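Residue-level listing of the chains:
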Amino acid sequence: MGKMWAGRTSGDTAKIADEFNSSIGIDSRMFKEDITGSIAHAEMLSFCNIISVKDKESIVNGLQEILADIESGKLKIDMNAEDIHMFVETVLTEKIGDTGKKLHTARSRNDQVALDLRMYLKNKNIEIQNNIKNLVNVITVLAEENIDAVMPGYTHLQRAQPILFSHQILSYAFMLLRDLERLKECYKRTDVSPIGACALAGTTYNTDRKFEAELLGFNSVSLNSIDSVSDRDFCVEILSDISLIMVHLSRFCEELILWSSSEFNFIKISDAYTTGSSIMPQKKNPDMAELVRGKTGRAFGNLITMLTILKGLPLAYNKDLQEDKETVFDSVDTVNKCLNIFASMLKDITVNKESMLNASKTGFINATDLADYLVKKGIPFRTAYKLCGNIIAYCIKNNTVLEDLPLKTYKEFSDKFEEDVFKAIDLKTCVENRISFGGTSKQSVIKQIEYIKKII
Ligand code: ARG
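Cut-offs applied
- Residues numbered from 1 in each chain as written.
- Predicted model: local features only at pLDDT ≥ 70, side-chain atom pairs only at ≥ 80, totals over all residues.
- Heavy atoms only, no water.
- Helix = DSSP H or I, 4+ residues; strand = E, 2+ residues; numbered from the N terminus.
- Rg over C-alpha atoms; globule rule 2.2 N^0.38 Å.
- Buried < 20%, exposed > 50% of the residue type's maximum accessible area, 1.4 Å probe, protein only.
- Contact = heavy atoms within 4.5 Å.
- Lys, Arg positive; Asp, Glu negative; His and termini not counted.
- Charge placed at Lys NZ, Arg CZ, Asp CG, Glu CD.
- Pairing = 2+ DSSP bridges.
- Near = heavy atom within 4 Å.
- Polar contact = N/O pair within 3.5 Å; in protein donor to acceptor, adjacent residues only side chain to side chain.
- Areas by Shrake-Rupley, 256 points an atom, 1.4 Å probe, with all protein chains shown as cover.
- Nonpolar A, V, L, I, M, F, W, Y, C, P; charged D, E, K, R; others polar.
- Salt bridge = Lys/Arg side-chain N within 4 Å of Asp/Glu carboxyl O.
- Core = buried A, V, L, I, M, F, W, Y, C linked by side-chain atoms within 4.5 Å.
- Patch = residues over 30% accessible without salt bridge, like charges linked within 9 Å, V, L, I, M, F, W, Y side chains within 5 Å.
- Axes fitted to C-alpha atoms, helices over the stretch in contact; angles between N-to-C directions.
- Parallel < 35°, antiparallel > 145°, perpendicular 65-115°, else oblique.
- Left-handed = near helix turned anticlockwise from the far one by under 90°.

S.K.: Which residues make up the overall build of the protein chain, and what values go with them?
M.R.: The number of helices and strands found in the protein chain is 19 helices and six strands. Taking 23 Å as the expected radius of gyration for a compact globule of 456 residues, we find that the protein chain reaches 31 Å, considerably beyond that expectation. Seen along its three principal axes, the alpha-carbon backbone of the protein chain occupies a region of about 100 × 50 × 40 Å. Within the protein chain, the fraction of its 456 residues that count as buried is 50%. Put simply, 75% of the contacts in the protein chain that link residues at least 6 apart link residues at least 24 apart. Here the protein chain holds 56 positive side-chain charges and 62 negative ones, and the gap between their average locations is 4 Å.

S.K.: Talk me through the pairing of strand E1 (residues 150-155); I want residue IDs and the actual numbers.
M.R.: Here six bridges tie E1 to strand E2 (residues 158-164), and the two strands are oriented antiparallel to one another. By the bridge assignment for E2, tyrosine 154 is matched with arginine 159. Where E1 folds back onto E2 in an antiparallel hairpin, the turn is made up of two residues, including histidine 156, whose phi is positive at roughly 55°.

S.K.: Any chance you could break down the site of the ligand for me, citing the residues and the numbers?
M.R.: All residues in the neighbourhood of the ligand are listed as Ser23, Asp27, Asp83, His85, Arg109, Asn110, Val113, Tyr317, Gln322 and Lys325. In this structure, asparagine 110 approaches the ligand through a side-chain N or O atom, which is 2.9 Å from a nitrogen atom. In the environment of the ligand, an oxygen atom lies 2.5 Å from a nitrogen or oxygen atom belonging to the side chain of tyrosine 317. Look at the ligand: alone it shows 350 Å² of surface, and the protein chains cover 87% of it. Among the elements that make up the shell around the ligand, the one with the highest residue count is helix H6 (residues 109-145) (three residues). Here the shell around the ligand is composed, by residue class, of two nonpolar, four polar and four charged.

S.K.: Account for the pattern of salt bridges, with residues named and values stated.
M.R.: Throughout the structure, instances matching the rule amount to 29 salt bridges. As a salt-bridge pair, lysine 377 and aspartate 420 come within 3.3 Å of each other at their nearest N and O atoms. Remark: aspartate 420 occurs in the loop between helix H16 (407-413) and helix H17 (421-424) and lysine 377 occurs in the loop between helix H14 (367-376) and helix H15 (381-397); sequence separation between them is 43 residues. Between glutamate 418 and lysine 411 there is a salt bridge whose closest N-O contact spans 3.7 Å. A relative accessible area of 35% means that lysine 411 is categorised as partly exposed. Salt bridges linked by common partners bring Glu185, Lys188, Arg189 and Glu237 together as one network.

S.K.: Quick one: what's the story with unusual backbone geometry, residue by residue and with numbers?
M.R.: Here the amide bond leading from leucine 315 into alanine 316 is cis, since omega sits at 0°, within 30 degrees of zero. Note on placement: alanine 316 falls in the loop between helix H11 (287-310) and helix H12 (324-347). Look at cysteine 198: it is not a glycine, yet its phi comes out positive at around 60°. By the element assignment, cysteine 198 lies in the loop between strand E3 (192-193) and helix H8 (209-215).

S.K.: Explain the nonpolar core to me, using residue names and the numbers behind them.
M.R.: Counting 75 residues, the largest nonpolar core has Ile128, Ile139 and Leu346 as its most contacted members. The leading source of residues in this core is helix H10 (residues 233-259), at 14 residues. Residues in contact with leucine 346, not counting those within four places in the same chain, are Leu135, Val138, Ile139, Leu142, Phe252 and Leu256. Core analysis: the next-biggest nonpolar cluster, separate from the first, contains 24 residues, Val60, Leu67, Ile77 and Phe87 among them.

S.K.: Before we move on, could you go through a nonpolar patch on the surface and cite the residues and values that matter?
M.R.: A cluster of nonpolar side chains, namely Leu200, Ile226 and Leu315, defines an oily patch on the protein surface of about 280 Å² accessible area. Along the polypeptide, isoleucine 226 turns up in helix H9 (residues 225-230). By relative accessible area, which is 33% here, isoleucine 226 ends up partly exposed.

S.K.: Talk me through the packing of H6 against H10; I want residue IDs and the actual numbers.
M.R.: Axis angle and axis distance: for two packed helices, these are the angle between their axes and the distance between the axes, and together they describe the pair. The N-to-C vectors of H6 and H10 enclose an angle of 20°; their axes lie 11 Å apart at closest approach. With respect to H10, the axis of H6 lies roughly parallel. The chirality of how H6 crosses H10 is left-handed. Where H6 abuts H10, its residues Ala114, Leu117, Arg118, Leu121, Asn125, Ile128, Ile132, Leu135 and Ile139 lie against Phe234, Cys235, Ile238, Ile242, Ile245, Leu249 and Phe252. Of the residues assigned to the contact of H6 with H10, the class counts are 14 nonpolar, one polar and one charged.

S.K.: Run through the packing of H14 against H15, naming residues and quoting values.
M.R.: Interhelical geometry of H14 versus H15 gives an angle of 135° and a closest axis separation of 8 Å. For the element pair H14 / H15, the angle class is oblique. You can see that H14 and H15 cross each other, and the crossing is right-handed. Counted together, Ala367, Leu370, Ala371, Asp372, Leu374 and Val375 of H14 and Phe381, Ala384, Tyr385, Leu387, Cys388, Ile391 and Ile392 of H15 form the full contact between these two elements.

Listed below in structure tokens is the structure:
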């Protein structure tokens, strides 16, 4: 294919240079955005009397046919083309003749590619938001179904205090709600039209950028043409937002992997989301959760790649920027796949309440409650803390737990102990008494669920 930009140079580039330069393998997925953008551009050119209505109609019809043909599979995108912009313009010109050559008036590929990418990422941003909402929904339903299940809460991965399983998993819903907020913020800054900035300096034609932006559903128009073609902050932002979503998924995955091990046995991941081993017949591996955790690395890598591309880049457009798309495309694909598989897997887990409760009974996770019991009977917290430490040491030595210690023994440590101590250290009581705002009591969990439902 002859180069459209062959002018000063012959355009006879080396084959390996063409291959190296081409981005069609990556950017062909933006064909719809490119064609829609071009249709709006033709409309604007005609609206501003830069091209005739007749020419505009010929261009728009041609573009609409190209779009329909690509979508139906009738027209295959030529992988030897330089990029999607060149491909569409070439096909258009072949189709409608010289009129097609008028389309690129008052624009450049520099503003065109920025436009396409913003349009593409606006849609993807919404898709990620919807996938997040779906996952939050799954978490909320799981929390509701298991609202009373008691499990050990951990710090330092050591049993710490009894909590509700529902409270634990809802914490992930709140992380995801923050992710949602971040994506909405990112959307605002993506929703600015760069088209009409042209190569870098604007144009001598009397264009109407606002008209074109409105046709394409943009909220506003960028104010500085140099910034318009050089800015990829919106890419960094979505990559960063995705990285954090992946951090949240990865942490959740890590817990599911731990909880599904024989050592914990808190949950069972459905066979539909596990695999076997080729050698060990007993194995059931949580591959999906591991893969989501593993793919988090890709998301971080893409963010660093994008930041590094931008660092030290002089204004305005430089070909380095062509590398931007691979990072964002890979990250949006990855996060959407991960959100979907994770939600499906989570929906299907079995919660082993018995096992969680049994784990809560060992490890003295009601020790804080025992100390609080004494505090309520007038003993200063530090003194109570020390006393309870001694009681626990006694239990460990005598191979028993706080629940099974006779009142007589308790009284040897402090005469403040009465029969009601057993109620106070009962695991259910421990959870129910955590009534502070945002605590693990059922009442608080119900409030959280109501809040989430209102938002989603
Ligand atoms: N394929 C290019 C990209 O993805 C399009 C812009 C090319 N602009 C240019 N001045 N060569 O960035």
